[in-house]
Amino acid sequence: MYVFIARRLLLAIPTLLIISLFVFSLQKLLPGDPVLVMAGEERDPALLELLRAKYHLNDPIPVQYVAWIGNALRGDLGISLRTNQPVVDLIAEKLPVTLQLALMSMTFALVIGIPLGVLAAVKKNTFIDYLTSVLALSGLSVPNFWLGIMLILLVSVKLGWLPASGYQPFFVDPLLSLKTMLMPSFVLGNALAATMMRHTRSAMIGVLSSDYVRTARAKGLSERAVILSHGFRNAVLPIVTLSALLFGELLAGAVLTEQIFTIPGFGKLIVDAVFTRDYAVVQGVVLCTAIGFISMNLLADVLYVVLNPRMRASL
Amino acid sequence: MTRDTPTKDVAMTETKFEPIPDPRAAAPVLSVEDLSVSFVTDGRRATVVRNVSFEVRPGETLAIVGESGSGKSVTSLAIMGLLPPRVSRVDGRIDLAGRELTSLSDKEMSAIRGRDMAMIFQEPMTSLNPVFTIGRQISESLVRHLGLSRAAARAETVRLLEKVRIPNAATRFDEYPHQFSGGMRQRVMIAMALASKPKLLIADEPTTALDVTIQGQILDLIKQLQAEENMAVLFITHDMGVVAEVADRTMVMYRGDMVETGTTRDVFHDGRHPYTRALLSAVPRLGDMGDTDIPGRFAIVDAVSGERIPAAPVVDTVDRAAPPILSVRDLVTRFDVRGGVFGRRTGAIHAVEGVSFDLHQGETLSLVGESGCGKSTTGRSIMRLVEPVAGRVELDGFDVLDLDGADLRRMRRSIQMIFQDPFASLNPRMTVGASVAEPYTSHRLGTHAQARDKVADLLERVGLAPDMMSRYPHEFSGGQRQRIAIARALALDPKVIVADESVSALDVSIKAQVCNLLMDLQESLKIAFLFISHDMAVVERVSHRVAVMYLGEIVEIGPRAALFGNPQHPYTKKLIAAVPVPDPARRGIRRDLDVRELRSPVRPLGFLPPERRYRTVSPGHVVMEDAR
């Protein structure tokens, strides 16, 4: 088990290096000169040169990469060209916002998707199964931006139940914070819930037709125990892996959702940074996202092993 | 839960067939009357069990025997109430200890299942839940039906595990199913079934997936526990040998109908229904072949008319004067076992270790042994489907282990393979004709028109109609598919065919026909077969010579008659003794209640296989000396 975790951690290192290289070089390949953006209307060549020297933009690219990686390892992701704040500070400020959105969406997806999936599997080919399928399909096909705008119109503008936009830090006013995030996380989470539901359903159908579930029934266990303990406990394994993969989708979806609800999170940070060619910020945000994604998958792998005794033995 | 006293209906249940006088004359535990089961698929109803009636008394074993599609398993699932409720319909009466089961609700049934009747299944590998410890899975039943506390359930579970003779029961309580072998898992299943001392045990092919020496252990265990608890046992099986060994009475099912019932002795000796006789004549009996050195075809009895087609005599096809077509010397194949953070080599599976043999044109050499003995790996190594570590293989003039690229492909024209599972070994999206033609066209042996003619000819040779070539595999039965696989293997006119458990998955009557087909082909085409099998009785029937493998090595090899008539190695003797004999007269014979497992061929890094010495018993009959 520890061997497995160690092996997975070791594997994460080359993955991160490749991502960092990719992020770094993509930046260099993009058209547009950040110095021009910084200098604004000023076109004095001496000033431009000075700025280039200040940000080491004249060094050979490999040297820039090594310097960047070295700094990143020390927790220094550079200075934002636009706001002159350290990138790390910017990230630290925005991260909790997106994290809260992601967690609430994920919770929503799990709480809705899994029970509905189990229900659909148990009631396979009945009205309930078809109904949940229709629900899932509509969850997947309605575009987020449209759903978001409609919800704002209905819930906030017409009914006035929930705030339409903005952000309230959780530790300042938990209730208001949850209220502001409720609609965004529903919008972001409903497609995930649908995906989760479909996968839970098919995993559960497979498990329910397995020999060991028949054994559990032959033992005379109640149907509830058969489904929840013997059945679901096995069906949950692929769902763990799926959740970690969906986390990536969640981060991508967060960008759009934060725009709709004008939430000052990661999504907004990266969109602003891309438009102003704020290299350091883009690099920092992408790297941070990648680390998040890799850790989620690492966590899922470990959880998978914890839940699956067969894996424990083969390690 | 109230339990009614067992009563009434005893006389009524056996109106169609003579009731068997039982010395104990106790009321039946289970009595089934006019049971019919039908399934609804795509709006149509198909009846799979029709008007079946039987009863089982305490301490008695009733075997239901039949081939696939006979309805024997459906009958047992109907009794347990385990058929899928929405698509199946059960008619008739099922009385368990006086209580009618078909009218009970799901909830009432679940209280009876596992308490008054319990079931063990065919597949011990998949019938236990992989994520729970075996201790939990057994004690669950105790908590549910006997209301024991956790601690009491644990103590009782350990006692049950000891009862089914699992060594170190207390420490194995917390282990998971994957840490147990197939035989041990079946013991766990039995322990689970016996947890609340059921009156009726239903055993659905409980030993079919097990190795033959393990099968003997499990059958003995069931018999002994039955005697201790005076349980009624309903034993579902397709294996006439097992029936003869365990059953007091036997009921034969054929396509959903009960065609014959009676004491096991009567069914075996005075079977009235043609199907019963067809089934029995298709069963090879160990020792049937006596002193003849050549294989023998099966006599085929028509299942409907009862007409007996005697077996055509076999012509000796082997020319021992010619050099062997396949010659294997000191073949070694090992697989690395890896572990640790960096996946270093920690040991090796010694799958094949110093194997040598010759195979002549027109000869059948059988490799027999149990799971993990290396018989399949030997077959694959010879074709270079896995890479051997050392040794020498000469096939039809090729130095097989030295070949590469185009030569390797050319060599494979001389040796072809037939696999075990005819359902998995044909591509479901290719027509049968395309599958059979593929080896021919991919080796560019002729035009498409020639390939068509070839396919038509091959299908005819294996007993199928040439116009079947445009159909898809799902339109064929298992036996027909295996014929198609044989036709495909013949497409390249090979000299040698490796038949890896090629008849093991087939029903008895189909098995006999396919064996006959292989012998026909050998006669007309002089093909040499390397026949890989675990089934000693079939091996005795089809082979000229036999090699017994154990832990990657050949422990004994020789002419069929010599090896079966005068086995020398202890493992060969054990293997032969373990085969259930389809003769009820030998029922009383007991084996020792051995719990020995098959040993593993995994060795630590740097393990040097010991030098072996061999002794010649009679010409061509060689046995490994220092046994183990």
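To keep things clear, this report deals only with the structure shown in the data block.

Parameters at a glance
Residues numbered from 1 in each chain as written. Chains lettered and ligands numbered in written order. Predicted model: local features only at pLDDT ≥ 70, side-chain atom pairs only at ≥ 80, totals over all residues. Heavy atoms only, no water. Pairing = 2+ DSSP bridges. Helix = DSSP H or I, 4+ residues; strand = E, 2+ residues; numbered from the N terminus. Axes fitted to C-alpha atoms, helices over the stretch in contact; angles between N-to-C directions. Contact = heavy atoms within 4.5 Å. Salt bridge = Lys/Arg side-chain N within 4 Å of Asp/Glu carboxyl O. Buried < 20%, exposed > 50% of the residue type's maximum accessible area, 1.4 Å probe, protein only. Expected span 1.5 Å × (residues − 1). Bend = angle between axes of the 7 residues up to and from the residue. Right-handed = clockwise from strand over helix to strand, strands pointing away. Buried area = accessible area lost by both parts, 1.4 Å probe. Polar contact = N/O pair within 3.5 Å; in protein donor to acceptor, adjacent residues only side chain to side chain. Nonpolar A, V, L, I, M, F, W, Y, C, P; charged D, E, K, R; others polar.

The next subject is the sheet that holds strand 15 (residues 364–368) of chain B. All names here are of chain B. Read across the sheet, eight strands follow the order 18-19-20-15-21-22-25-24 without closing on themselves; strand pairing throughout is mixed. Only two strands of the sheet have a single neighbouring strand rather than two, namely strand 18 (415–418) and strand 24 (614–618). This sheet shows a mean twist of 20° between the axes of neighbouring strands, independent of strand direction. As judged from the four bridges shared by strand 24 and strand 25 (residues 621–624), these two strands associate in the antiparallel manner. Among the inter-strand pairings, Ser618 is bridged to a residue of strand 25, identified as His621. Along the sheet face, helix 12 (residues 375–382) touches strand 15, strand 18, strand 19 (496–500), strand 20 (528–533) and strand 21 (545–550) and points at about 150° away from the line of strand 20. Helix-sheet contacts for helix 20 (residues 570–578) involve strand 15, strand 21 and strand 22 (553–559), and the interaxial angle to strand 21 is about 105°.

This part is about the pattern of salt bridges. One pass over the full model with this rule turns up 40 salt bridges over all chains. The salt bridge partner of Arg57(B) is Glu55(B), with a shortest N-O separation of 2.9 Å. Overall, the relative accessible area of 10% leaves Arg57(B) in the buried class. Salt bridges sharing partners connect three or more residues here, namely Lys219(A), Arg136(B) and Glu140(B).

Every α-helix carries 3.6 residues per turn, so stepping three or four residues along brings you back to the same face. With 35 residues, helix 8 (residues 174–208) of chain A extends just 41 Å between its outermost C-alpha atoms, more than 12% less than the 51 Å of an ideal straight helix rising 1.5 Å per residue. The axis of helix 8 of chain A is deflected most strongly, by about 40°, at Gly189(A).

This brings us to the pairing of strand 19 of chain B. Working note: regular strand, side chains alternate between the two faces of the sheet. Residues and elements named next belong to chain B. Burial of strand 19 is extensive: five of the five residues sit out of reach of the surface. Side chains of strand 19 alternate between two faces, with Val496, Val498 and Asp500 and Ile497 and Ala499 buried alike. Looking at chain direction, strand 18 and strand 19 are connected through four bridges and run parallel. Across the sheet, residue Gln416 finds its bridge partner in strand 19, namely Ile497. In the sheet, strand 19 pairs with strand 20 via five bridges, with the strands oriented parallel. Of the residues in strand 20, the one forming a bridge with Val498 is Leu530. In the classification by handedness, the crossover that spans strand 19, the intervening helix 17 (residues 508–525) and the parallel strand 20 is right-handed.

Moving on, we come to the interface of chain B and chain A. Taken residue by residue, the interface counts 30 residues in chain B and 28 residues in chain A. Between chain B and chain A, a total of about 2,400 Å² is buried, with carbon and sulfur atoms accounting for 59% of that surface. Scanning the region where chain B abuts chain A turns up one salt bridge. One salt bridge in this structure joins Lys219(A) and Glu140(B), with 2.7 Å as the shortest N-O distance. At the boundary of chain B with chain A, the tally comes to 14 residue pairs in polar contact (both at pLDDT 80 or more). Secondary-structure elements contributing two or more residues to the side of chain B that touches chain A are helix 2 (72–80), helix 4 (134–146) and helix 7 (182–194) of chain B. The dominant element in the side of chain B that touches chain A, judged by the number of residues it contributes, is helix 4 of chain B, at six residues. Among the residues making up the side of chain B that touches chain A, the classes are represented as 13 nonpolar, 11 polar and six charged.

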